[in-house]
Amino acid sequence: MEMKKRISLELRNRTPDKVAELVMDNCRTSDGEVEGLTDDFKELEFLSMVNVGLTSLAKLPALPKLRKLELSDNNISGGLDTLSEKCPNLTYLNLSGNKIKDLGTVESLQNLKSLRSLDLFNCEITTLEDYRESVFELLPQITYLDGFDQEDNEAPDSKAEGDEDDEDDDDDDDDDEGAGPTGEYEEEEDEDEGSEGAEEEVGLSYLMKDEIQDEEDDDDYVEEEEEEVEDDEEEEGVQGEKRKREPEDEGEDDDDDED
């Protein structure tokens, strides 16, 4: 896709002065120059033109608010002085994978007073002896070269992104670990509690039935004893009457004998 067409698609019915970020990676230029960008993009803060076949920055428009510029994997070999004229407020510049060979080409970046991070990774210049020390000395305003400072400490932006990714992964792992087993344990506990409750109810009902049955047995036993006592009393009464009658009967018998 041509760069001009890509820009029109990226606008999405917006006017250029409303665009703060513009990404045109992997599109193509017709002659190695910037195409379709105009001074109307005055609010642009981030511009990315990775692998678009650029050989020159001569046609880059004035972008006074531009702070981050991605130009990696192109064919740029010089003309970097244009950046200090067109983008004076740059803080981040990525030129990795271009055809920059010597320190003289980089020297023109001295006028970018706000520049803090410069990336020249995969450029031929990196093979020079004392490359890092020389660039830091040539550009004292920069803090990070190829993602590291002079003490080989990584740029904070990269660390922050890495840390955030790690924390997100850990959180996801924690969530995944906690979700399944916890739910299973809760269900098992609920089942255990339910079964224990059912056993308790069964046990209580069984005990209550036993107590009721014992009480009924006791009542039957008491009734049987009372009936036996009544029967014994009746039998004793009958026997007593018989005993009382016997002497009388004997007396009558004696009288009969005497007569």
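Scroll up to find the structure.
Residues numbered from 1 in each chain as written. Predicted model: local features only at pLDDT ≥ 70, side-chain atom pairs only at ≥ 80, totals over all residues. Heavy atoms only, no water.

## Focus on the overall build of the chain
And then number 1: If you tally the helices and strands in the chain, you get five helices and six strands.
And then number 2: Listing the helices and strands of the chain from first to last along the sequence gives α-β-β-β-α-β-α-β-α-β-α.
And then number 3: By residue count, 28% of the 259 residues in the chain fall in the buried class.
And then number 4: Counting contacts in the chain only where the partners sit at least 6 residues apart, residues at least 24 apart contribute 50% of the total.
And then number 5: A total accessible area of about 17300 Å² is found for the chain, and carbon and sulfur atoms account for 41% of it. (Helix = DSSP H or I, 4+ residues; strand = E, 2+ residues; numbered from the N terminus. Buried < 20%, exposed > 50% of the residue type's maximum accessible area, 1.4 Å probe, protein only. Contact = heavy atoms within 4.5 Å. Areas by Shrake-Rupley, 256 points an atom, 1.4 Å probe, with all protein chains shown as cover.)

## A word on the packing of aromatic side chains
And then number 1: This structure, assessed with the given rule, holds zero aromatic pairs.
And then number 2: Here the guanidinium or amino end of Lys-68 rests over the ring plane of Tyr-92, the centre of that ring lying 5.1 Å away. (Phe/Tyr/Trp six-rings, centres within 6.5 Å; stacked < 30°, edge-to-face > 60°. Lys NZ or Arg CZ within 6 Å of the ring centre and 35° of its normal.)

## Looking at the pattern of salt bridges
And then number 1: Tallied over the entire structure, the rule returns four salt bridges.
And then number 2: Between Glu-10 and Arg-6 there is a salt bridge, with its nearest N and O atoms 3.2 Å apart. Highlighted residues: Glu-10 and Arg-6, both in helix H1 (residues 3–11), separated by four residues, approximately one helical turn.
And then number 3: Judged by its relative accessible area of 18%, Glu-10 falls in the buried class.
And then number 4: Overall, the relative accessible area of 19% leaves Arg-6 in the buried class.
And then number 5: For Glu-43, the salt bridge goes to Lys-65, with nearest N and O atoms at 2.9 Å. (Salt bridge = Lys/Arg side-chain N within 4 Å of Asp/Glu carboxyl O.)

Read these as layout, nothing more, since geometry by itself doesn't imply function.
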